[in-house]
Amino acid sequence: MLNEFDLDKIDISVIPPETEPVRQYYFMAKCREWVRGFEDKNGRSPSCCVTTFGCQMNARDSEKLVGILRRVGYQVTESEDADFVIFNTCTVRDNANQRVYGRLGELKSRKKRNPHMKIALCGCMMQETTVIEKLRSSYRFVDLVFGTHNIFKFAELLYRCICENHNEQGMIVDIWEDTDKIVEDLPVERKYPFKSGINIMFGCNNFCSYCIVPYVRGRERSREPEEILREIRQLVAEGVVEVMLLGQNVNSYGKNLDTPMSFARLLQEVEQIEGLERIRFMTSHPKDLSDELIQVMKESKKICRHLHLPLQSGSTRILQLMNRRYTKEQYLALAEKIRREIPDIAITTDIIVGFPGETMEDVEETIDVIRRVKYDNAFTFIYSKRTGTPAAAMENQVSPDRVKEGFDRVLKVVQETAREQVSRYRGQQAQALVEEVNAQEEGLLTGRLSNNTLVHFPGDAELVGRIVTVSLDECLGFYYMGHMVSQ
Ligand code: SAH
Ligand code: SF4
Ligand code: F3S
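A short tour of the structure in this document, coming up. (Residues numbered from 1 in each chain as written. Chains lettered and ligands numbered in written order. Predicted model: local features only at pLDDT ≥ 70, side-chain atom pairs only at ≥ 80, totals over all residues. Heavy atoms only, no water.)

### What about the overall build of the protein chain?
Assigned secondary structure in the protein chain consists of 13 helices and 19 strands. A compact globule built from 487 residues should have a C-alpha radius of gyration of about 23 Å, and the protein chain, at 24 Å, falls within 12% of that. Viewed in the frame of its principal axes, the protein chain has a C-alpha envelope of about 65 × 60 × 50 Å. When burial is assessed residue by residue, the protein chain has 57% of its 487 residues classed as buried. (Helix = DSSP H or I, 4+ residues; strand = E, 2+ residues; numbered from the N terminus. Rg over C-alpha atoms; globule rule 2.2 N^0.38 Å. Buried < 20%, exposed > 50% of the residue type's maximum accessible area, 1.4 Å probe, protein only.)

### Quick word on the site of ligand 2
Around ligand 2, the neighbouring residues are Cys204, Asn206, Phe207, Cys208, Tyr210, Cys211, Val213, Pro214, Gln248, His285 and Arg324. For the shell around ligand 2, the class distribution of residues is 7 nonpolar, 3 polar and 1 charged. (Near = heavy atom within 4 Å. Nonpolar A, V, L, I, M, F, W, Y, C, P; charged D, E, K, R; others polar.)

### Regarding the nonpolar core
Ile232, Leu245, Phe263 and Phe281 are the most contacted members of the largest nonpolar core, which has 70 residues in total. Top element by residues in this core is helix H12 (residues 360–373). It accounts for 6 residues. Contact partners of Phe281, with chain neighbours within four places excluded, come to Met244, Leu245, Val250, Phe263, Leu267, Leu293, Met297, Ile303 and Leu307. (Core = buried A, V, L, I, M, F, W, Y, C linked by side-chain atoms within 4.5 Å. Contact = heavy atoms within 4.5 Å.)

### What about the packing of helix H2 (residues 56–71) against helix H5 (residues 154–162)?
Running from N to C, H2 and H5 point in directions that differ by 55°, and their axes come no closer than 10 Å. If you check the angle between H2 and H5, you find them oblique. Between H2 and H5 lies a crossing whose hand is right-handed. In contact with Leu65, Ile68 and Leu69 of H2, H5 contributes Phe154, Ala155 and Leu158. Of the residues contributing to the contact of H2 with H5, the split by class is 6 nonpolar, no polar and no charged. (Axes fitted to C-alpha atoms, helices over the stretch in contact; angles between N-to-C directions. Parallel < 35°, antiparallel > 145°, perpendicular 65-115°, else oblique. Left-handed = near helix turned anticlockwise from the far one by under 90°.)

### Considering the sheet that holds strand E12 (residues 306–308)
The strand order across the open sheet formed by 3 strands is E12-E13-E14, and the pairing between neighbours is parallel. Because the sheet does not close on itself, it has two edges, and the strands there are E12 and strand E14 (377–382). Across the sheet, the mean angle separating the axes of adjacent strands is 15° when strand polarity is ignored. Taken strand by strand, helix H13 (residues 400–422) contacts strand E13 (346–353) and E14, and its axis lies near 175° from that of E14. (Pairing = 2+ DSSP bridges.)

### Here's the deal with the site of ligand 1
Near ligand 1 lie 15 residues; those nearest to it are Gln248, Pro310, Gln312, Asp350 and Ser384. At 2.7 Å, a side-chain N or O of Gln248 approaches a nitrogen atom of ligand 1. Note that an oxygen atom of ligand 1 is positioned 2.7 Å from one of the side-chain N or O atoms of Gln312. When the free accessible area of ligand 1 is taken as 540 Å², the share hidden by the protein chains comes to 90%. Broken down by class, the residue content of the shell around ligand 1 amounts to 7 nonpolar, 4 polar and 4 charged. (Polar contact = N/O pair within 3.5 Å; in protein donor to acceptor, adjacent residues only side chain to side chain. Areas by Shrake-Rupley, 256 points an atom, 1.4 Å probe, with all protein chains shown as cover.)

### Observations regarding the environment of Gly354
Checked against the element boundaries, Gly354 lands in the loop between E13 and H12. For Gly354, a relative accessible area of 4% gives the class buried. Remark: the alpha-carbon pair of Gly354 and Tyr253, spanning 101 residues in sequence, is separated by 31 Å. Each residue touching Gly354, except ones within four places of it in the same chain, is listed here: Tyr383, Val398 and Val403.

### A word on the sheet that holds strand E2 (residues 75–76)
Here 6 strands make up an open sheet; going across it, the order is E2-E1-E3-E4-E5-E6 and the pairing parallel. On the outer flanks of this sheet lie E2 and strand E6 (172–174), each paired with one strand and no other. As judged from the 5 bridges shared by strand E1 (residues 47–52) and strand E3 (residues 84–89), these two strands associate in the parallel manner. Across the sheet, the residue bridging to Thr51 is Phe87, located in E3. Together, E1, E2, E3, strand E4 (118–123) and strand E5 (144–146) form the strand contacts of H2, whose direction differs from that of E1 by roughly 170°.

### Quick look at the pattern of salt bridges
Throughout the structure, instances matching the rule amount to 38 salt bridges. Glu365 is the partner of Lys328 in a salt bridge, and the nearest nitrogen-oxygen pair spans 2.7 Å. Of this pair, Lys328 sits in helix H11 (residues 328–341) while Glu365 sits in helix H12, placing them 37 residues apart in sequence. Lys328 is paired through a salt bridge with Asp368; the nearest N and O atoms lie 2.7 Å apart. Note that Lys328 is positioned in helix H11 and Asp368 in helix H12, a separation of 40 residues in sequence. Here Lys328 falls in the buried class, since its relative accessible area comes to 8%. When its relative accessible area of 26% is taken as the criterion, Asp368 is described as partly exposed. One salt-bridge network, held together by shared partners, links Arg60, Glu63, Glu184, Arg223 and Glu231. (Salt bridge = Lys/Arg side-chain N within 4 Å of Asp/Glu carboxyl O.)

### A closer look at H11
Here H11 spans 20 Å end to end across 14 residues, near enough to the 20 Å set by a 1.5 Å rise per residue. In this structure, the buried residues of H11 make contact with helix H9 (291–299), E12, helix H10 (316–321), E13, H12 and H13. (Expected span 1.5 Å × (residues − 1).)

### Describing the side chain of Thr51
Within the secondary structure, Thr51 sits in strand E1. Once you skip the residues sitting within four places of it in the chain, Thr51 turns out to touch Glu80, Ile86, Phe87, Asn88 and Arg103.

### Re the packing of aromatic side chains
Using the criterion set out here, one finds 16 aromatic pairs in the structure. Measuring from centroid to centroid gives 5.8 Å for Tyr326 and Tyr331, while their planes differ by 40°, and the two rings are tilted. According to the relative accessible area criterion, Tyr326 is buried, its value standing at 6%. Joined through ring pairs, the aromatic side chains of Tyr74, Phe84, Phe146 and Phe154 make up one cluster. Over the face of the ring belonging to Tyr192 we find Lys195, whose NZ or CZ atom lies 4.9 Å from the ring centre. (Phe/Tyr/Trp six-rings, centres within 6.5 Å; stacked < 30°, edge-to-face > 60°. Lys NZ or Arg CZ within 6 Å of the ring centre and 35° of its normal.)

Given below as structure tokens:
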């Protein structure tokens, strides 16, 4: 694009900020010039390292950061000794924040050793004012800070950080409170050549009372279906066989579009794409999961047999305090309907233990749901108080001892049901997408079944990215050992 132009003749002040992504391509070209200068001076390309914390949305955002860094000529490495190090942060629980501060401390000494080094921070944690204050006072060696709403202007910020001599200005901080902007067509580099996440929507409107995501990711906005389909078609043309449609609550996709469209309809459109073999999605809020979606899943040949359906708590009283807008009975009825309509589906979930006011009776209600739904897997979290959320101001915060007791009880039952569920396909054959060469054992490949269970089996590295038929010989807890039946 703009690489072709004579950059010195372009006056960026006349390219209005709303002209995106053109403006960003201009800055990519400017950064590219800087990189060439670096290469001439140092006899090597500058290196960069992108570290991701948090969920699939962040993982996808990091692919966008890498896309731009590579485009301007950076060499991507895994080592934090790089010339440009960026942490894409998460703040959903306090331990995520603590990890970032810990890692930043380590970076400080590395920066002393490498005079070229620039340190950048972005992602959800940066949307919190208390974090920015702390960075300004105690982490002044950080060069660039931006948030979730303006990640699209990374090229511009990178330019300011590396090309303009910003040392006089100190830390560059650019945080937006919210946005309704969705910028399409920026470079992105996928971690895997054969599978990819696709954002179908951004933000969240649900305001579950414990959760900080709506505050740091902003209001819900859906991408236009044409843009999503265009992106997937392009990915398939590049060799992608599996996509994961991403949103905090995919079931409310399309409600705010000029021409509203349901998530189930979108799935039907995606299903039509030739060459695409598998479709996954994350996450479904139980209150919005429609019969239409169950039917579309049931009839589909491509939608994987896996549904992540966060429960959070099995106690109706706690669910109400959490602002989840369903009862224990409604959740159970929904899970039962899904299992009845799609018997081979795997249902997984998220559970929080220790929400304010939770008693052991409430924990027993959660355990009752786990036993009845028989989850294939469940992520169990200890409640973390997030400043600014309604739950943080609630009385009766649960004591750490009591939380631990509840957590251990829940985990034990989750593991029992998961083992039982996962092993129910022992001896059968199934299709697996080969994802990688097993790092621990030579000659073994790791594949993922439609229901999200992993299977390890002997095979050639050339099969990575292909869908093969495997026999599920032995179930070892939460995964299978098997052998390949056909390619
Ligand atoms: N939008 C997704 C979840 C995003 S956060 C959904 O609603 O399913 C992922 C998970 O983190 C949540 O499902 C919840 O179980 C957990 N979580 C969110 N806030 C938390 C908090 N304050 N303490 C502990 N766990 C939390
Ligand atoms: Fe958080 Fe609830 Fe939104 Fe999920 S649906 S991101 S838990 S507010
Ligand atoms: Fe964390 Fe932000 Fe995802 S807070 S869980 S990275 S949306």
